[in-house]
Structures are given as structure tokens and as C-alpha cells.
Amino acid sequence: MPRNVFADKHIVLGVTGSIATYKAVALASALVQSGAHVDVIMTESATKMVQPLSFQAITHRPVLTDMFSLMAETDIGHVTLGKTADALLIAPATANTIAKLALGLADNLLTTTALAATCPIIVAPAMETNMWRHPATQANIATLRERGVRIVEPEAGYLASGASGVGRLAAPERILTALRRTLTPQDWAGRRVVVTAGGTREAIDPVRFISNHSSGAMGYAVAEAALDRGAHVTLISTARHIPTPEGATLIPVESARDMREAVLNAIQDADALFMAAAVADYRPADVAAQKIKKSDDDLVLRLVRNPDILADVKQVRPARLVVVGWAAETDHLIENARQKLERKGLDLIIANPVPQSFGDGRVQATLISRHGEPRPLEPMPKDALAHLILDAVHTLVQQRNQTG
Ligand code: CTP
């Protein structure tokens, strides 16, 4: 089941007056494009930075300001808004509004709505560095956190004052990730998962290596989906080019042997292992200490077998660990994948035909477990596939915990 948690969700976007106010327009737009219904509440100072019409044009709904609140009160008032909405996102949130929220003041439509709200609240602060660092602001932030408000920490960078420091509104992707996680059912909360991603790199000399085409995208999709659903995620990865999903513990590795060591350590207290990495089966027998210089002769590299990580996991795995592997096959997909499932002692294997990716980024997969028929899936984006895999593994984790 592909998941777009924003579809048909009702989001109240609270916008306060900051130099970052204009960035909220892009946030509103991203939410509307994801299928959410967005009601914008602007404070008076926000309306001095950006015209309400900008938001209205994007959300196709009247923008609520103090001036129009009495008119709007008849159908979408401050009490109903915070009760019927799925989430209240305040971005950017000034130090002043944060202080009011911490104190429980209700002196404008936004703070009144927040005080009456029963939905989850997410706050993305934006302010000058000294204001952010001030003990008063930090104490207010701590108070909000204690009350269950999710804070999207501001970032370091260039500030409107001309100085550099912490205080910039978090990037839109980080704010949307926080909102997505707030809206996603937390069925993996309290579970620990280990995910491997990317193709291993087997050194030839200090500047060259042997690797494969694996992008790491599947592993990162599983990690992101597990984080969204509340899991604690250890990501063992060779893929340097992909940003680490927020909240993941990243263990960067290079070779199959590095990855093996990291995996065997990480699985000790884990509930599930997702071996999405493409592990090289062979490595150069000798790694040259210096860069190999070309000569007129041919160059012969002798390769030796790498450890099979899943075979080693099989020897030492804790009884409750659910182990998931991948099989990319050019022929006899189901038969080969089934054999791997048996040989490597897996609970589930994701069989992908090679070439597996469609031009639009969709992948085709068949889920094969120890019991039951193989489950061929429609081609779908990797994030949707990641959620389906997590659904299947969640059932196995629960069974393992009941019997274990
Ligand atoms: N794998 C592993 N250690 C290896 C090779 C693969 O743990 N040295 C894992 C992969 O991460 C994947 C699964 O085993 O989850 C299957 O990988 P694949 O390369 O298809 O299997 P191989 O055992 O290498 O079989 P083949 O002979 O088809 O290469």
C-alpha cells in the first residue's frame, strides 16, 4: 500500500512574522501538492512580511488573520480548527510566539488556536542566534517539548542580520519529515532495526576499488520508512552521496569485511535486519600500498572470496531477530530467491528481476517468506515498497516476540 500520509489530511499552518515568513509559502505549496487541506493562520506581524493573498492563492482557502477571525469564527473558529485538524504546524515560529505558547497566552488567533488544540503541534523556530541561545527561549523550548510539542530545530547558516549562526528556519524537507512522522502511525515504536545499504567497495590500491551499480536507495527507503514508523534505526552504509535520514544512527563502511563486523555488532539488540546492501562476493587478494602505475603489460588482479555476511549472521543471530535479504536475479527469479532464503536462513527475501528499475524509479519485487506463496507486487516507488516490506516484517516481529 503506497503511503502518502498527507493525502486528505487537514493541516493548520501557523505563520508568524519573521524574515523567514516567506519560506512558509513554499511549505504550504508542498503540502497542498501532497494532497493536504491547508488552513493558514497568520499573526499580524506575519501579514507585514507576506500578503495573506499569497497563501490564499496556494491553499484555495481563506487565510485566517486576526482582522478576519471574527468573520471566520462562524464556521472555522479557533476552537474547532485545533480540534478537527490532524496537526498544527507553526513555521516559522518567532521567539515571541514560542514564549507565548510556553506560557499559555492566547492573545491572537494563532496562540488561541494552539491553546485550544487537541491535535499534535509541531514548531519550527526561526530567529537571531542570540535569541535562540537565550536561556529564556531554551527554557520555553524545553517546556514545549515536555508537553509533547515536536520541535524542528533551526539550522546554522547565514542569517538576515548578516551574521552566521544557529537560527535559520529548518529546510522544508526537515519540517515536512517532522510533520510526516507526526501523522504516521507509530507501529514500529520501541523496535530496533539494522539496515545495510549500497554496494561494498573492495580496495585495489589507495585510489581504486571494485564495486557494483547498487545506489543504496532501497536501503535508505527502508531506513526512512522505519524511522517514520517510530523505529530506532542503525544504518550501515557505503552510500556517501545520500543524506542520512534524520534520526538514524549511521555507521559508514567501505568493504564487505567492514560491513560484516558492523552488522554482527549491531544485530545483538535488534528486532530486524534488512540486508539491502549489494555485498561484493570477491575482493582483490592483495591491496597495493601505493597507487598501481600503468605499464605496457596486462594487469591481472587475483580475487579471493569475501565472507557471506548473512551466512555468518545465521550462526550468531539472536533468536528473536527477523532477517530479511534481497535477491537480484537475471533468471529463474523465484527459484533462485527461494534457494537463497533457505541457504541463508532468512525469514523473508525480496526478489528483484534484473534489470529491476523502471525509468521512473519504480521497482518490481516479489516477497517470498518461509511459509505461503510468493507475493508478486506491482511495480512501485521504493518508498512504497519499503512500507510494504515493513508491514510484512512487522507481523513476523510480533510472531517472534509472542513465541520467543
Ligand atoms: N549477501 C551477504 N554477503 C555476501 C553477499 C550477499 O550478506 N557476501 C546478502 C545480500 O545483502 C543480499 C543477499 O545476501 O541480501 C543475497 O545477495 P546476492 O548477491 O543475491 O547473493 P549471493 O549469495 O552473493 O549469491 P549469487 O551467487 O547469486 O551472487
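Below is a short write-up of the structure. (Residues numbered from 1 in each chain as written. Predicted model: local features only at pLDDT ≥ 70, side-chain atom pairs only at ≥ 80, totals over all residues. Heavy atoms only, no water.)

Here we come to the site of the ligand. Around the ligand sit 13 residues, and of these M275, A277, W326, K340 and K344 come closest. M275 places a polar main-chain atom, nitrogen or oxygen, 2.8 Å from an oxygen atom of the ligand. In the environment of the ligand, a nitrogen atom lies 3.0 Å from a nitrogen or oxygen atom belonging to the backbone of I309. Counting residues per element, the ones that place at least two in the shell around the ligand are α13 (309-316), β16 (322-329) and α14 (333-343). (Near = heavy atom within 4 Å. Polar contact = N/O pair within 3.5 Å; in protein donor to acceptor, adjacent residues only side chain to side chain. Helix = DSSP H or I, 4+ residues; strand = E, 2+ residues; numbered from the N terminus.)

This next bit is on the nonpolar core. By size, the foremost hydrophobic cluster in this structure holds 40 residues, and its most contacted members are F274, I389 and V393. With ten residues, helix α15 (residues 382-403) is the single largest residue contributor to this core. Contacts of I389, omitting those with residues within four sequence positions, involve M218, F274, W326, L348, I350 and L367. With 33 residues, the next largest nonpolar core counts F6, L13, A36 and I175 among its residues. (Core = buried A, V, L, I, M, F, W, Y, C linked by side-chain atoms within 4.5 Å. Buried < 20%, exposed > 50% of the residue type's maximum accessible area, 1.4 Å probe, protein only. Contact = heavy atoms within 4.5 Å.)

Turning our eyes to something else, we now look at the pattern of salt bridges. Two side chains carrying opposite charge are able to pair once their charged atoms lie near each other. Following the criterion strictly, the structure yields 24 salt bridges and no others. With its nearest N and O atoms 2.5 Å apart, the salt bridge here joins R180 to D228. With R180 in helix α10 (residues 172-183) and D228 in helix α11 (residues 217-228), the pair connects residues that are 48 residues apart, well separated along the chain. A salt bridge links D308 to K344; the shortest N-O distance between them is 2.9 Å. Note that D308 is positioned in the loop between β15 (303-305) and α13 and K344 in the loop between α14 and β17 (348-353), a separation of 36 residues in sequence. Residue classification places K344 among the buried residues on the basis of a relative accessible area of 17%. (Salt bridge = Lys/Arg side-chain N within 4 Å of Asp/Glu carboxyl O.)

Now for the pairing of strand β4 (residues 121-125). The element β4 is largely enclosed, with a buried count of five among its five residues. Burial along β4 is two-sided: I121, V123 and P125 facing one way and I122 and A124 facing the other are all buried. Both strand β3 (residues 87-93) and β4 contribute to a ladder of four bridges, which runs parallel. Opposite A93, over in β4, you have P125 as the bridge partner. Two strands pair when backbone bridges link them, and β4 and strand β5 (residues 150-151) are joined in this way by two bridges, in the parallel orientation. From the neighbouring strand, V123 faces β5, where its bridge partner is I151. (Pairing = 2+ DSSP bridges.)

Of note, the bond from A91 into P92 is cis; its omega dihedral lies within 30 degrees of zero at -5°. One non-glycine residue, H60, lies in the positive phi region at around 60°. Relative to the assigned elements, H60 resides in the loop between α3 (52-59) and α4 (66-76). Judged by its relative accessible area of 68%, H60 falls in the exposed class. Even without being a glycine, H332 presents a positive backbone phi close to 45°.

All right, on to a nonpolar patch on the surface then. On the surface, Y282, L299, L301 and L303 cluster together into a nonpolar patch covering about 380 Å² of accessible area. Counting through the fold element by element, L299 comes out in the loop between β14 (282-284) and β15. Classification of L299 as exposed rests on a relative accessible area of 60%. (Patch = residues over 30% accessible without salt bridge, like charges linked within 9 Å, V, L, I, M, F, W, Y side chains within 5 Å. Areas by Shrake-Rupley, 256 points an atom, 1.4 Å probe, with all protein chains shown as cover.)

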